[in-house]
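Read off the chains here:
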Amino acid sequence: MTGASVAVLVVLVALLLGTGFLLGRRTAARPLRPSDVGTPVEHATFETLHTASLAAPPLRAGLTEESARRSARRLRSLLGTDALCLTDRERVLVWDGAGHHHGKDVMGHIEALLEGGRGTAFDSGCADLDCPLRWAVAVPLTVENRVLGALVAYAPRESAVLARAAGEVARWVCVQLELAELDRSRTQLIEAEIKALRAQISPHFIFNSLAAIASFVRTDPEQARELLLEFADFTRYSFRRHGEFTTLADELHSIDQYLALVRARFGKRLSVTLQVAPEVLPVALPFLCLQPLVENAVKHGLEGAVTLPGTRTEEAAPFRITISALDAGSEAEVVIEDNGSGMDPERLRGILRGEATTSTGIGLLNVDERLRQVYGDGYGLVIETGIGAGMRITLRLPKYRAGVHGS
């Protein structure tokens, strides 16, 4: 080997080492991505899972034109097919990929599928020689044995692999649609529970409140006017139609209006103590969560109290309600306590097991179940009571919980 050859070899080695060093520095300088590590099979698995995770959120809204449009490209990527469409029972919701002209024929091909719920495969019957779509497989999208629509995948030729893959992807889509149904059912259940609580706002209470207001019209018109405003605001809040959640400030304000109407009837017989930490006022909680507990205390502690013979109503022993909402670190702690007649603990356990037949039981059970639904089983009502011992109800509210926002 000549000196010139050695010199050239040395230069090439130096260049290779330098390039390797620079590439090593560049690789070390940037974070590893999932695609930088693992085997080709692991790469493919990651990409499949990532694509599925992107397709899932739109489908959680149900099978609509918008959700189909947002998820179709991801689903086609999962199948690796030339074209894909999603339908409901009446029309094509979205077409993704080549051969849009096939869209007009899809519903005719899947008519039997929508009626019987069985997958099918068919020739496209396309007369366009340049069209790559010659064969298709259609799979029903079902939720609780109801066919909501179909997933249809197109390919250049018949493929058993595509048929099986389309079935698996369709089953995955059905799971997302079932979750969407559960979300809707949960929302409807919450709305039904709120309606039940609204129905519990006793017509007897409304009648008595209006009667109390009427009694002030001549003797104290200004007081009557104030009570009418309180009554209007209380009923407006209780029967509002927007939002599952409210703030502690709004719920306590509604309770204050309710108690103002009760005071108009019972005067000095009712004593209320309110202790609230300002920092917990913005905390969100389920709508109409506290008011039923206070109404329960009034109804069975004050209205249900027995007055001794010969004792005038205004001379009866005062009924005391204490409401506190205090800061407890990451939570707000709300306590509603009264000195009423209390309740048999065994009867209370039956109420919380769902054996209630009275409005009292319905209110306590409703609030307990909604708290557990929103925050988990560790956040139900804690009730201390006994016959003749009054009642103390404690509930804890996380200051932050995903999806819980006051409105």
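Please refer to the structure higher up on the page.
Worth saying up front: this structure is predicted, and the values here are computed from it rather than measured. (Residues numbered from 1 in each chain as written. Predicted model: local features only at pLDDT ≥ 70, side-chain atom pairs only at ≥ 80, totals over all residues. Heavy atoms only, no water.)

1. Concerning unusual backbone geometry
Next up, step 1: For Asn145, which is not glycine, the phi torsion reads 65 degrees and is therefore positive.
Next up, step 2: Along the polypeptide, Asn145 turns up in the loop between β4 (135–143) and β5 (146–155).
Next up, step 3: Even without being glycine, Leu288 reaches a positive phi, approximately 55 degrees.
Next up, step 4: Relative to the elements of secondary structure, Leu288 occurs in the loop between β8 (284–286) and α10 (291–303). (Helix = DSSP H or I, 4+ residues; strand = E, 2+ residues; numbered from the N terminus.)

2. Brief notes about the side chain of Asp338
Next up, step 1: One can find Asp338 in strand β10 (residues 331–338).
Next up, step 2: Despite its burial, Asp338 pairs with no opposite charge; the closest candidate is Arg320, at 9.5 Å N-O.
Next up, step 3: At 2.7 Å, the side chain of Asp338 forms a polar contact with the backbone nitrogen of Gly340.
Next up, step 4: Those residues in contact with Asp338, other than ones at most four positions away along the chain, are Ala297, Phe319, Arg320, Ile321, Gly390 and Met391. (Buried < 20%, exposed > 50% of the residue type's maximum accessible area, 1.4 Å probe, protein only. Lys, Arg positive; Asp, Glu negative; His and termini not counted. Salt bridge = Lys/Arg side-chain N within 4 Å of Asp/Glu carboxyl O. Polar contact = N/O pair within 3.5 Å; in protein donor to acceptor, adjacent residues only side chain to side chain. Contact = heavy atoms within 4.5 Å.)

3. Points about the sheet that holds strand β2 (residues 92–97)
Next up, step 1: Strand order across the open sheet formed by 5 strands is β2-β1-β5-β4-β3, with antiparallel pairing between neighbours. Here the strands that pair on one side only, and so sit at the sheet edges, are β2 and β3 (120–123). Neighbour to neighbour, the strand axes of the sheet diverge by 20 degrees on average, direction disregarded.
Next up, step 2: As judged from the 5 bridges shared by strand β1 (residues 83–87) and β5, these two strands associate in the antiparallel manner. Bridge assignment links Thr87 to a residue of β5, and that residue is Ala150.
Next up, step 3: Where helix α3 (residues 65–79) meets the sheet, it contacts β1, β2 and β5, and its direction lies at approximately 35 degrees from that of β2. (Pairing = 2+ DSSP bridges. Axes fitted to C-alpha atoms, helices over the stretch in contact; angles between N-to-C directions.)

4. Remarks on the sheet that holds strand β12 (residues 391–398)
Next up, step 1: Reading across the sheet, the 5 strands line up as β7-β9-β10-β12-β11 and stay open at both edges, with mixed pairing between neighbours. For this open sheet the edge positions go to β7 (270–276) and β11 (382–385), each flanked by a neighbour on one side alone. The sheet shows a mean angle of 10 degrees between the axes of neighbouring strands, direction not considered.
Next up, step 2: Strand direction decides the pairing type here: β11 and β12, joined by 4 bridges, are antiparallel. The residue bridging Glu384 from the neighbouring strand is Arg392, located in β12.

5. A few points about the packing of aromatic side chains
Next up, step 1: One pass over the full model with this rule turns up 4 aromatic pairs.
Next up, step 2: Taking 6.2 Å as the distance between ring centres and 80 degrees as the angle between the ring planes, the aromatic pair formed by Phe122 and Tyr154 counts as edge-to-face. Taken together, the positions of Phe122 in strand β3 and Tyr154 in strand β5 put the pair 32 residues apart, joining distant regions of the chain. Tyr154 shares its class with Phe122; the two are buried.
Next up, step 3: Relative to Tyr379, the ring of Tyr375 has its centre 5.8 Å away and its plane inclined at 55 degrees; by these criteria the two rings are tilted.
Next up, step 4: According to the relative accessible area criterion, Tyr375 is buried, its value standing at 5%. (Phe/Tyr/Trp six-rings, centres within 6.5 Å; stacked < 30°, edge-to-face > 60°.)

6. Description of the packing of helix α8 (residues 221–238) against helix α9 (residues 248–266)
Next up, step 1: Direction vectors running N to C along α8 and α9 enclose 135 degrees, while the axes themselves pass 9 Å from each other. With respect to α9, the axis of α8 lies oblique. Classified by chirality, the crossing of α9 by α8 is left-handed. Facing Leu227, Glu230, Phe231, Asp233, Phe234 and Tyr237 of α8, the residues of α9 in contact are Asp250, Glu251, Ser254, Gln257, Tyr258, Ala260, Leu261 and Ala264.
Next up, step 2: When the residues that make up the contact of α8 with α9 are grouped by side-chain class, the tally is 8 nonpolar, 2 polar and 4 charged. (Parallel < 35°, antiparallel > 145°, perpendicular 65-115°, else oblique. Left-handed = near helix turned anticlockwise from the far one by under 90°. Nonpolar A, V, L, I, M, F, W, Y, C, P; charged D, E, K, R; others polar.)

7. Let's talk about the pairing of strand β9 (residues 319–328)
Next up, step 1: With 7 bridges joining them, β7 and β9 adopt parallel strand pairing. Considered in β9, the bridge of Ser271 is made with Arg320.
Next up, step 2: Of the strand pairs in this sheet, β9 and β10 are connected by 8 bridges, and their pairing is antiparallel. Each bridged residue has a counterpart across the sheet, and for Ala328 the counterpart in β10 is Glu331.
Next up, step 3: A loop of 2 residues connects β9 with β10, the two strands running antiparallel in sequence, and Gly329 in this loop sits at a positive phi of about 75 degrees.

8. So, the environment of Arg164
Next up, step 1: Within the fold, Arg164 resides in helix α6 (residues 160–200).
Next up, step 2: Between the alpha carbons of Arg164 and Val139 there is a distance of 9.9 Å; along the sequence they are 25 residues apart.

9. Focus on α8
Next up, step 1: Its 18 residues place the ends of α8 26 Å apart at the C-alpha level, agreeing with the 26 Å of an ideal helix rising 1.5 Å per residue.
Next up, step 2: Within α8, the full set of buried residues consists of Ala224, Leu227, Phe231, Phe234, Tyr237 and Ser238. Along the long axis of α8, the arc covered by the buried residues comes to 155 degrees, so they all point the same way. Facing away from the buried side of α8 by more than 90 degrees, the exposed set consists of Pro221 and Arg236. (Expected span 1.5 Å × (residues − 1). Arc of directions from axis to C-beta.)

10. Focus on the pairing of β11
Next up, step 1: Only one face of β11 is covered, namely the one carrying Ile383 and Thr385; the face carrying Val382 and Glu384 has none of its residues buried.
Next up, step 2: If you look at the hairpin formed by β11 and β12, you'll find 5 residues sitting between the two strands, and Gly388 has a positive phi there, around 80 degrees.

11. Re the environment of Leu148
Next up, step 1: Along the polypeptide, Leu148 turns up in strand β5.
Next up, step 2: It is 9.4 Å that separates the C-alpha atoms of Leu148 and Cys174, two residues lying 26 residues apart in sequence.

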